[in-house]
Each structure stands twice: as C-alpha cells, then as structure tokens.
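# Observations on the model geometry
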Amino acid sequence: MSSENSSADDVRQVWDVVVVGAGPAGASAAYAAAVAGRRVLLLEKAELPRYKTCGGGIIGPSRDSLPPGFDLPLRDRVHAVTFTHNGRFARTRRSRYTLFGLVNRPEFDQALVEHAQKAGAELRTGVTVQRVEQHGSAVPDRRCVALVLQGGETVLARAVVGADGSASRIGAHVGVKLGQVDLGLEAEIPVPETVAEDWKGRVLIDWGPMPGSYGWVFPKGDTLTVGVISARGEGAATKRYLEEFIGRLGLAGFEPTISSGHLTRCRADDSPLSRGRVLVCGDAAGLLEPWTREGISFALRSGRLAGEWAVRVAEAHDAVDTRRQALNYAFAVKAGLGVEMSVGKRLLTVFERRPGLFHAVLTGFRPAWKAFMDITRGTTTLAEIVRTHPMAHRALSALDRRQAPAGEQPTS
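Keep in mind the model is a prediction, meaning the values are calculated, not measured.

## Concerning unusual backbone geometry
In this structure, P49 follows L48 across a cis peptide bond, with omega equal to -5°. Locating P49 in the fold gives a position in the loop between strand 2 (40-44) and strand 3 (57-58). With phi around 50°, N86 is a residue other than glycine that occupies positive phi space. Mapped onto the elements, N86 comes out in the loop between strand 5 (80-85) and strand 6 (88-94). Accessibility expressed as a relative area gives 31% for N86, which makes it partly exposed. Here the phi dihedral of F89 falls at roughly 55°; this positive angle occurs in a residue that is not glycine. If you trace the backbone, F89 turns up in strand 6. A residue is classified by how much of its surface remains accessible, and F89, at 52% relative accessible area, is exposed.

Below, the structure is given as structure tokens:
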C-alpha cells in the first residue's frame, strides 16, 4: 500500500484486516496478518479470558500450527488412553511418547491473543458486530467493508476475517451452509489429589449409546474435564448419557464448577468460505473433523490461512483480484483440511453403525493403535493413512460399500 493511501486510511480509520472473534482461529488469523506488517484489529464480544466448552486436547497438527516461540500452557501430557464401549470392555493402550497435551481454553486462548498483540494486532473486547456491509452508504469505496457494531459505531477494513464461532454472524453474511450439527455437554469437576493422581497422563474415551456419540475424560491437574457429544436432536438422551457416564466413573459425588453445552457445526461440502472481501475460518466456517469433532487444529490451521490470504485481499484493487485471492484461500483450505474432513465424514458414517467394530480394532489391532498414535502426535493424518496404506484404503472402501444404500456407489 502506498504512503498516500496509508495517509488517507489513517484519516478514515480504515484497517487493513479486521478479525472478528478472538478464539484460536481469530487469534491465529490476527497473528498471521500482523506479522506480515499489516494494521490489524481483533474484535471479541466477551471479556478475556473466557470459558469455552471444549475438551482442550492439543494434538500434533495443533502444536505444529502455533506461532514461533509460543509456550503451550499444558495442564497434562497424555501417554495412555483407556477405551470403553458404553462403559464396558475397558482396554488401556499406552505410548512411550506424549500422544497429545491438555490445556484449559481460557489460558490457551488468552496466550494466543497475547501473541497476536505482540505481533502488532490491536485488541478490542466487549464488542459485538451487528451486521456486515460491503455496499451502501456505510462503505466509502469498493475496497472497504463496514462492520456495524452494537451501539452504532462503524469499523472499516480492507479485508475481514470471520472467526466468531459456530453461531457466527459473519458466517451468516458469507452464507455458510451446515451439513452436520452435534451437541456437546461438558462438566469441569474438581477432584481430590488421590483421584487426580489416578488419572494423571491418561484419558478415557467411551464409545456411547447413541449413533456417533462418545464421551471423554481429560485430566487437568486437580480438575477432570468430562464430556459427551452426539447428534443434535438427542438433547435429553445426551444429558442422560453424561449423567450416567459421570456416575459410572464414580464422580457423581463431586460438584462441577462449570456445566456447559455447545453446538458444533460442520460445513456442507458446497459451503462458501468467502463473500467479497470477507473470509471465514474455524468454527465460523464449519471447519472441524466430523468424526471426532476435533476443532482446535482446524481453527489454528484455517485461521493462519485466513490471515495470510486476508492480507492479499486487503491489497486487491478490484473485484476480479479480490475474487481471485478469495478463491485461492478456499482452494488452500479444501486441499488440506477439506480432504481430512471428507475422510472423517466417511469414518463417522461407519462409526455410527459399527462402534463395536471401532472399539475392537483400536484395542485389539496394533496397526490401528499405531495409526491413532501417529495421528494424535501429528506425524500423519487420517487422509494420509487412507491414501498411502493399501490395507486402510481397502478396509474403509469395503465398509463404505457395506453401509451404502442399494444402488448408490460410495466415493473412493
């Protein structure tokens, strides 16, 4: 941007990039744009730090997507996983290496935001975006986007990144379409030291009673994060599953400090990732792994991409160049995260019908456990395993054919 344009922007308070939402996706986008030397504003409706319903598992792809020099505020390092099938057939598998780390989201998100601020991004909290305008009286020229805030203030930007969560207002502006919605329920349960010691370094994953459901226990020092997830529309059954799950674990006598719920939303295959000078990422774009509903790594990776491409959108001088940069962003997301999501959807379809098979394979078939370890540690991905391992590809294709309706051929 020329100095003449920069001077004009100063008068009109035009930011190069405005990011809406200060979770992992938004903080990553703000960092990526700020480290490129652009003027970045990060807007967050809550006051930080704030709680989010989330297990807080940091797998390899999440760790590898963190900014240089970022110090993970880990509460525990996981070396063992106990698998159960609706409370039965318990089997614990162990690893010599750390499989993944566990964080409290308020601490983790706050640290990411501080990293973005150190890179030059400006933060404003307690700010709610009411609507987005790319045309009309609020927009001074075609290279601007206007964000109208609650209270009437207007913020102008050359590019906007929507990272405002699964109920995203920016996502609604872009026209994000959802193909899968799930309900997660979670409790933060303080436990005595003797109980905490029993869980140290070990998580529990329970394949649940409803199709596609599962539960988890993640230890974080003197607190256990206990949660379950299943398809939306099964609210009463999901709540009952959590209560029974906590009871089976012998934790019903401990009072949770927080009990919360959250809808996770997964994008449809044809859902847009941009509109004009507005990009979406993370939960706002419906980007998460459909089988496990893991979202932190998708948020960090898509946020970084969104920040990088928002810089290019901000520099675009006409609609054609803007469109080209936005399409490049969409291609980058779909080529990586989109492929992983496609495999995850296939696995979820099989898992919904055959959870017992998944349990038997993971606990009794060593190559499956090795694949689990490699995925969580970040040395490979679900998509890479299916692509490069003939046995995995054949097994998933066979299961696809077994689950497909008569006359319908599954995609390979």
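## Observations regarding the sheet that holds strand 12 (residues 178-190)
Pairing in this open sheet of 7 strands is mixed, and the strands run 6-5-13-14-15-12-16 from one edge to the other. The sheet is open, and its two borders are formed by strand 6 and strand 16 (258-267), each paired with just one other strand. Taking each pair of neighbouring strands and ignoring which way they run, the sheet shows an average axis angle of 20°. Here strand 12 pairs with strand 15 (residues 223-231) via 9 bridges, running antiparallel. Residue pairing across strands places E186 opposite G227, the latter belonging to strand 15. Contacting strand 12, strand 13 (202-207), strand 14 (214-220) and strand 15, helix 7 (residues 235-248) crosses the sheet at an angle of about 150° to strand 15.

## So, the packing of helix 10 (residues 355-364) against helix 11 (residues 366-377)
Running from amino to carboxyl end, helix 10 crosses helix 11 at an angle of 90°, the nearest separation of the two axes being 5 Å. On the basis of their axis angle, the class for helix 10 and helix 11 is roughly perpendicular. Only R366, A368, W369 and F372 of helix 11 make contact with helix 10, whose side of the interface consists of V361, L362 and G364. Residues of the contact of helix 10 with helix 11, tallied by class, amount to 5 nonpolar, 1 polar and 1 charged.

## Points about the packing of aromatic side chains
Using the criterion set out here, one finds 14 aromatic pairs in the structure. Between W207 and W291, the aromatic rings sit 6.2 Å apart at their centres with planes inclined by 15°, giving stacked as the arrangement. Here the residue W207 occupies a position in strand 13, and W291 occupies one in the loop between strand 18 (278-280) and helix 8 (296-315), the gap between them amounting to 84 residues. According to the relative accessible area criterion, W291 is buried, its value standing at 12%.

## Remarks on the side chain of R301
By the element assignment, R301 lies in helix 8. Contacts of R301, omitting those with residues within four sequence positions, involve P61, S65, L337 and E340.

## A few points about the pattern of salt bridges
Throughout the structure, instances matching the rule amount to 17 salt bridges. Residues E315 and R38 are paired through a salt bridge, measuring 2.1 Å at the closest nitrogen-oxygen approach. In this pair, E315 sits in helix 8 while R38 sits in the loop between helix 2 (24-35) and strand 2, placing the two residues 277 residues apart along the sequence. With a relative accessible area of 34%, E315 lands in the partly exposed category. For R38, a relative accessible area of 26% gives the class partly exposed. Across the pair R105 and D109 runs a salt bridge whose closest N-O atoms are separated by 2.9 Å. With R105 and D109 both in helix 4 (residues 105-118) and 4 residues apart, this pair spans about one turn of that helix. Each member of the pair, R105 as well as D109, is classed as buried. Each of R50, R105 and D109 takes part in a single network of salt bridges with overlapping partners.

## Overview of the sheet that holds strand 4 (residues 74-78)
Taken in spatial order, the 3 strands make up an open sheet running 3-7-4, and their pairing is antiparallel. The open sheet terminates on both sides in strands that have one partner only, identified here as strand 3 and strand 4. The pairing of strand 4 with strand 7 (residues 100-103) spans 4 bridges and is classified as antiparallel. Within strand 7, the residue paired with L74 across the bridge is V103.

## Quick look at the side chain of T322
You can see T322 is positioned in helix 9 (residues 319-353). One polar contact links the side chain of T322 to the main-chain carbonyl oxygen of D318, over a distance of 2.9 Å. Beyond its immediate chain neighbours, meaning those up to four positions away, T322 contacts G276, R277, V313 and A316.

Definitions and cut-offs
- Residues numbered from 1 in each chain as written.
- Predicted model: local features only at pLDDT ≥ 70, side-chain atom pairs only at ≥ 80, totals over all residues.
- Heavy atoms only, no water.
- Helix = DSSP H or I, 4+ residues; strand = E, 2+ residues; numbered from the N terminus.
- Buried < 20%, exposed > 50% of the residue type's maximum accessible area, 1.4 Å probe, protein only.
- Pairing = 2+ DSSP bridges.
- Axes fitted to C-alpha atoms, helices over the stretch in contact; angles between N-to-C directions.
- Contact = heavy atoms within 4.5 Å.
- Parallel < 35°, antiparallel > 145°, perpendicular 65-115°, else oblique.
- Nonpolar A, V, L, I, M, F, W, Y, C, P; charged D, E, K, R; others polar.
- Phe/Tyr/Trp six-rings, centres within 6.5 Å; stacked < 30°, edge-to-face > 60°.
- Salt bridge = Lys/Arg side-chain N within 4 Å of Asp/Glu carboxyl O.
- Polar contact = N/O pair within 3.5 Å; in protein donor to acceptor, adjacent residues only side chain to side chain.

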